[in-house]
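# Fold and contact review
One letter stands for each residue in the lines below.
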Amino acid sequence: MIDLHCHLLPGIDDGATDLETALAMAKIAVADGVEIIACTPHITPGVYDNQGPDIALAIISLQAALDAAGIPLQLTCGADAHLAPELGQGLRSGRVPSLGGSRYFLLEPPHHVAPPRLDLAVQDLLDQGYVPVITHPERLTWIEDHYNQMKALVGAGAWLQITAGSLTGRFGPRPRYWAERMVDEGLTHILATDAHNLRNRAPHLAEGREAVAARLGAEEARRMVLDRPRGMLANADPETLSPPNPPRPGLSLSGLSISGLSLSGARARGWMSKLFHVS
Ligand SMILES: [Fe+2]
């Protein structure tokens with residue numbers, strides 16, 4: 001498998017705190033079946049001012065440590081690029097590394113506030129020849145009210161990355177609901193771990209693959225963790241990579257409705273009760 005979103009580089013964001021942690025995370029990933037990891041530290045202006053050349057040096061250093069420790073893991077570059085002005089210029093200049101130097105890059109929207117012109121920003125980046133891969137849309141606190149906008153972004157050419165742990169409930173019932181819905185509705189291009197540490201954010205990718213396999217079959221699950229990521233690192237034209245599976249016939253998400261949003265019964269009640277603190 002290939003994990004294209006992982007905060008493995010030690011000491012440059014809120015991911016691995018030190019080399020020892022990074023090596024331990026790498027061992028977990030290898031044991032899980034991962035062969036390639038894109039090191040994708042945050043680039044958030046004013047918070048994490050990481051830059052391409054520094055990230056590249058950190059990757060060389062960590063790769064040497066992995067090799068010395070006999071951990072069979074190949075690293076490549078990337079960044080978890082927060083939505084910010086001049087992102088296209090940053091990608092062109094190398095200040096913001098894309099995934100393996102390809103046209104694909106991780107785009108992290110604000111977590112708690114829906115950006116008013118996200119569609120224009122995404123379209124602008126697409127027009128510049130990049131493919132924004134929107135990170136963990138299922139965990140955004142504003143996804144309820146903007147699900148159709150997320151669908152429209154995919155229709156325009158953006159890709160979505162779901163976090164593997166969301167599909168197994170590691171982030172609670174609400175992200176799980178949205179992750180499953182985006183998988184079922186053919187909106188999910190890749191899974192990644194977005195791993196940060198050894199505790200609650202360890203690099204477990206296989207569990208997400210198995211969760212997708214149970215819903216859409218092993219072939220589509222493999223595409224999300226291997227075929228598409230491999231194509232992305234090879235800078236393949238997105239048109240040449242298989243699109244996510246279309247919605248399954250007969251899939252029903254009807255049931256409960258809040259603010260025009262349809263949710264299926266038991267699961268909806270599960271995360272709603274958490275939201276509103278009712279049992
Ligand atoms: Fe991340």
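Described in the following lines is the structure provided in the data block. (Residues numbered from 1 in each chain as written. Predicted model: local features only at pLDDT ≥ 70, side-chain atom pairs only at ≥ 80, totals over all residues.)

When helices and strands are counted, the protein shows nine helices and eleven strands. Within the protein, buried positions represent 42% of all 279 residues. The long-range fraction of contacts in the protein, counting pairs at least 24 apart against all pairs at least 6 apart in sequence, stands at 73%. (Helix = DSSP H or I, 4+ residues; strand = E, 2+ residues; numbered from the N terminus. Buried ≥ 20, exposed ≤ 12 C-beta atoms within 10 Å, placed from the backbone. Contact = placed C-beta atoms within 7 Å.)

This paragraph deals with helix 4 (residues 118–127). Owing to its 3.6 residues per turn, the α-helix aligns residues three or four sequence positions apart on the same side. Turning to helix 4, its buried residues are Leu118, Ala121, Val122 and Leu125. One side of helix 4 carries all its buried residues, which in axial view fall inside an arc of 95°. Those residues of helix 4 that are exposed and angled more than 90 degrees off the buried face are Leu120 and Asp127. Check the buried side of helix 4 and you find it contacts helix 3 (87–93), strand 7 (131–135) and helix 5 (147–156). The first or second residue beyond helix 4 is Gly129, which carries a positive phi of 95°. (Arc of directions from axis to C-beta.)

Below, the discussion takes up the nonpolar core. Burial of nonpolar side chains together is a common tendency in soluble globular proteins. Core analysis: the largest hydrophobic core is formed by 69 residues, its most contacted members being Leu8, Leu9, Cys39, Phe105 and Leu191. Aside from chain neighbours lying at most four places away, what touches Leu191 is Ile162, Ala164, Leu205, Gly208, Arg209, Val212, Met224 and Val225. (Core = buried A, V, L, I, M, F, W, Y, C linked by C-beta atoms within 7 Å.)

Now for the sheet that holds strand 7. The six strands are arranged 3-5-6-7-8-9 in an open sheet whose pairing can be described as parallel. Looking at the sheet topology across the chains shown, the edges are occupied by strand 3 (42–43) and strand 9 (190–192). By the bridge criterion, three bridges tie strand 5 (residues 80–82) to strand 6 (residues 104–108) in an arrangement that is parallel. Residue His82 lies in a different strand from strand 6, and its bridge partner there is Glu108. Across the face of the sheet, helix 8 (residues 218–233) comes into contact with strand 6 and strand 9 while running at roughly 100° to strand 9. (Pairing = 2+ DSSP bridges. Axes fitted to C-alpha atoms, helices over the stretch in contact; angles between N-to-C directions.)

For the rest of this paragraph, the subject is the pairing of strand 2 (residues 36–39). As defined by bridge partners, strand 1 (residues 2–6) adjoins strand 2 across three bridges and the pair is classed as parallel. Residue pairing in the sheet places Cys6 in a bridge with Cys39 of strand 2. Handedness of the strand 1-helix 1 (residues 19–32)-strand 2 crossover: right-handed. With four bridges connecting them, strand 2 and strand 4 (residues 74–77) associate as parallel partners. Its bridge partner being in strand 4, Ala38 is matched across the sheet by Thr76. (Right-handed = clockwise from strand over helix to strand, strands pointing away.)

A separate point is the packing of helix 6 (residues 173–184) against helix 7 (residues 206–216). Contact pair helix 6 / helix 7: the axes reach a minimum separation of 10 Å and the direction vectors enclose 50°. It follows from the interaxial angle that helix 6 and helix 7 lie oblique. Between helix 6 and helix 7 lies a crossing whose hand is right-handed. Residues Glu180, Val183 and Asp184 of helix 6 form the contact with helix 7, whose own contacting residues are Val212, Arg215 and Leu216. When grouped by side-chain class, the residues that make up the contact of helix 6 with helix 7 number three nonpolar, no polar and three charged. (Parallel < 35°, antiparallel > 145°, perpendicular 65-115°, else oblique. Left-handed = near helix turned anticlockwise from the far one by under 90°. Nonpolar A, V, L, I, M, F, W, Y, C, P; charged D, E, K, R; others polar.)

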